[in-house]
Amino acid sequence: AQSVTQPDIHITVSEGASLELRCNYSYGATPYLFWYVQSPGQGLQLLLKYFSGDTLVQGIKGFEAEFKRSQSSVNLRKPSGHWSDAAEYFCAVGARGNEKLTFGTGTRLTIIP
Amino acid sequence: GAVVSQHPSRVICKSGTSVKIECRSLDFQATTMFWYRQFPKQSLMLMATSNEGSKATYEQGVEKDKFLINHASLTLSTLTVTSAHPEDSSFYICSARDVQGASYEQYFGPGTRLTVT
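Since this is a predicted model, take the numbers as computed values, not measurements.

Cut-offs and rules
Residues numbered from 1 in each chain as written. Chains lettered and ligands numbered in written order. Predicted model: local features only at pLDDT ≥ 70, side-chain atom pairs only at ≥ 80, totals over all residues. Heavy atoms only, no water. Helix = DSSP H or I, 4+ residues; strand = E, 2+ residues; numbered from the N terminus. Rg over C-alpha atoms; globule rule 2.2 N^0.38 Å. Buried < 20%, exposed > 50% of the residue type's maximum accessible area, 1.4 Å probe, protein only. Contact = heavy atoms within 4.5 Å. pLDDT = per-residue confidence, 0-100. Disulfide = S-S within 2.5 Å. Salt bridge = Lys/Arg side-chain N within 4 Å of Asp/Glu carboxyl O. Polar contact = N/O pair within 3.5 Å; in protein donor to acceptor, adjacent residues only side chain to side chain. Buried area = accessible area lost by both parts, 1.4 Å probe. Nonpolar A, V, L, I, M, F, W, Y, C, P; charged D, E, K, R; others polar.

**Student:** Any chance you could explain the overall build of chain B here in plain terms?
**Tutor:** The secondary structure content of chain B amounts to zero helices and 11 strands. When the helices and strands of chain B are read in sequence order from the N terminus, they spell out β-β-β-β-β-β-β-β-β-β-β. The globule rule puts the C-alpha radius of gyration for 117 residues at 13 Å, and the 13 Å found for chain B is close to it. In terms of overall dimensions, chain B has a C-alpha envelope of 40 × 25 × 20 Å along the principal axes. Within chain B, buried positions represent 50% of all 117 residues. Taking as baseline every contact in chain B between residues at least 6 positions apart, the subset at least 24 positions apart corresponds to 55%.

**Student:** I keep staring at the confidence of the model for chain B and nothing clicks. Help me out?
**Tutor:** Residues of chain B with pLDDT of at least 70 account for 95%, and the chain-wide mean is 91. Looking across chain B, the model is least confident in strand β10 (residues 106-108) of chain B, with a mean pLDDT of 89, and most confident in strand β3 (residues 19-25) of chain B, with 97.

**Student:** What is the right way to look at the state of the cysteines in this model?
**Tutor:** By definition, a disulfide links the sulfur atoms of two cysteine residues through a covalent bond. According to the stated counting rule, one finds two disulfides over all chains in the structure shown. The side chain of A:Cys23 participates in a disulfide bridge whose partner is A:Cys91; the two sulfur atoms lie 2.0 Å from each other. An S-S torsion of about -70 degrees defines the bridge between A:Cys23 and A:Cys91 as left-handed. Here A:Cys91 lies in strand β10 (residues 87-95) and A:Cys23 lies in the loop between β3 (19-21) and β4 (24-26), a separation of 68 residues in the sequence. What makes A:Cys23 buried here is its relative accessible area of 0%. One disulfide in the model links B:Cys23 with B:Cys94; its S-S distance is 2.0 Å. Between B:Cys23 and B:Cys94, the disulfide has an S-S torsion of 80 degrees and is therefore right-handed. Of this pair, B:Cys23 sits in strand β3 while B:Cys94 sits in strand β9 (residues 90-97), and the two are 71 residues apart along the sequence. Like B:Cys94, B:Cys23 is buried.

**Student:** Help me understand the pattern of salt bridges in this model?
**Tutor:** Two side chains that carry opposite charge are able to pair once their charged atoms sit near each other. Enumeration over the complete set of coordinates arrives at seven salt bridges over all chains. Put simply, A:Lys78 and A:Asp85 hold a salt bridge, and the shortest N to O gap is 2.8 Å. The same class applies to A:Lys78 as to A:Asp85, namely buried. Note that A:Lys100 and B:Glu59 form a salt bridge whose closest N and O atoms lie 3.0 Å from each other. Here A:Lys100 is found in strand β11 (residues 98-103), whereas its partner B:Glu59 is found in the loop between β6 (57-58) and β7 (67-73) on a different chain. You can call A:Lys100 partly exposed: its relative accessible area is 28%. The partly exposed category is assigned to B:Glu59, whose relative accessible area is 21%. If you follow the salt bridges from partner to partner, you end up with A:Glu64, A:Glu66 and A:Arg77 in one network.

**Student:** Is there a simple way to explain the side chain of B:Ser43 in this structure?
**Tutor:** Turning to its location among the elements, B:Ser43 is positioned in the loop between β4 (32-38) and β5 (44-51). Polar side-chain contacts of B:Ser43 include one of 2.4 Å to the backbone oxygen of A:Gly104. Beyond its immediate sequence surroundings of up to four residues, B:Ser43 is in contact with A:Phe90, A:Phe103, A:Gly104, A:Thr105, B:Arg37 and B:Gln38.

**Student:** Could you clarify how one ought to interpret the interface of chain A and chain B in this entry?
**Tutor:** Accessible area lost upon the coming together of the parts serves often as the stated size of an interface. Listed by partner, the interface residues are 22 residues for chain A and 21 residues for chain B. Buried area between chain A and chain B, both sides added, is near 1,700 Å², and the carbon and sulfur share of it is 56%. There are one salt bridge connecting chain A and chain B. A class-by-class count of the residues in the side of chain A that touches chain B yields 10 nonpolar, eight polar and four charged.

Structure below.
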């Protein structure tokens, strides 16, 4: 069965500093990988997705992620955090031939001035 | 971009009553919609997969008679929580997959906060 682990429950970074949110997955084949952001009381917005090809994926809002097959990881990064980035971030895995997504437990990002 | 709406955004109901939540894809057609449940400070748990014109597929542990799902058109799926109890209080989120879009990409609604008193 596929699984997703986000080891950091909460991360705090200073505004303007770089940030990285970790995500590890377990799946037998190459999965589809997604990062979503959720503001309080809101639904999920897709930041980026990886299906195949270039392992460095650019997303919206200045985010990027690097897919590392050898480490089964797809960490989310941003060079310079902004106060508006404060939110909950979810990593998700989808399987080829299976539309269902498995979500990680989420990482709450706090940006301090 | 693809937009998914949910109605209502918040609902409070008394224990024992039923509540219907609507999920609509506004600018695309969705043969498949998904219903998730999210507890405070927790992740999304898939409840069921809703397919237009056929019966929903429920995840293990989800009571199909309690959480009735209907997907009568390519733009609308409904979740009815029957005989609601306080433990059903949660944040319910739907998502939809564009039939013409990239495989496996789901668009999420803004969620419905259900409180059962």
